[in-house]
Amino acid sequence: MFIVLFLGFTVLAIYHAVKFHKFLRLVSKTWKTDNRIKVFGVSFKSHTQMYGDIFFLNNLWVGKGLLDIPLEKLSKELTSARGHLRQQFLFGFLAFLSVVLNGIVGV
C-alpha cells in the first residue's frame, strides 16, 4: 500500500514540477518583451536564473509582493507558479513520509 502511495505522490510532485517550470518560462518570456518590469526588485534574462536565485524562490513561496506587480498577466502567472511550487513540495514531502511510514510499519 505504501508503494502505491509513494508512486502516486511522486507522480504528482513531478507533474507540479513540470507545471512550475512551464510557468517560469512564461514569466521569462513576459520579461523579455518588457525589460523594464522588475519583480521582487530583480529582472532576469532566463528562467534558469530564476531557479538559481534563492531570494526569488523565497519571495515566490511567501507570496510577498505578488499583488504589487504592474502587469496583471505577469501577476497571474506568478501566482499560478507559486501554487505549483507549493504543491510540488507538498507531494514530495508526502512521498518521503510514505517511505518513512513504510519503514516504521515494517519494524
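Residue positions are counted from 1 within each chain, in the order its sequence is given. Totals for whole chains, interfaces and linings use every residue, but because this is a predicted model, local features are given only for residues with pLDDT of at least 70 and side-chain atom pairs only at 80 or more, for both listing and counting. Computation of side-chain values covers all heavy atoms of the structure but excludes hydrogens and water.

For every residue, the accessible area obtained with a 1.4 Å probe (protein chains only) is divided by the maximum for its type, and the residue is called buried under 20%, exposed over 50%, and partly exposed between those limits. For the purposes of this entry, the term helix denotes a DSSP run of H or I that reaches at least four residues, the term strand denotes a run of E that reaches at least two, and both are numbered from the N terminus. For helix α3 (residues 54-62), the set of buried residues is Phe 56, Leu 57, Asn 59 and Leu 60. Angularly, the buried residues of α3 cover 165 degrees about the axis, an arc narrow enough to put them on a single face. Residues Ile 54 and Phe 55 are exposed on α3 and point more than 90 degrees away from its buried face. The term polar contact refers here to a pair of N or O atoms within 3.5 Å; inside protein, the definition further demands a hydrogen-donor-capable atom paired with an acceptor-capable atom, and it admits residues adjacent in sequence only when both atoms are side-chain atoms. The N-cap of α3, judged by a side-chain oxygen 3.2 Å from the amide nitrogen of Phe 55 a few residues on, is Asp 53. Backbone geometry just after α3 places Gly 63 at a positive phi near 85 degrees. This arc describes the spread of directions from the helix axis toward the C-beta atoms.

Further remarks concern helix α4 (residues 72-106). Counting along an α-helix, one turn takes 3.6 residues, and residues three or four places apart therefore face a common direction. In this model α4 runs 51 Å from its N-terminal to its C-terminal C-alpha over 35 residues, within 8% of the 51 Å that 1.5 Å per residue would give. Every buried residue belonging to α4 is among Leu 74, Ser 75, Glu 77, Leu 78, Ala 81, His 84, Leu 85, Phe 91, Ala 95 and Ser 98, and all of these are buried. For a helix, the expected span equals 1.5 Å multiplied by the residue count minus one.

Looking now at the environment of Leu 57. With respect to the helices and strands, the residue Leu 57 is situated in helix α3. A sequence separation of 28 residues divides Leu 57 from Leu 85, and the C-alpha atoms of the two residues are 8.9 Å apart. We call two residues in contact when some of their heavy atoms are within 4.5 Å. In this view, Leu 57 contacts Phe 20, Met 50, Tyr 51 and Leu 85; residues no more than four positions away in its chain are not counted.

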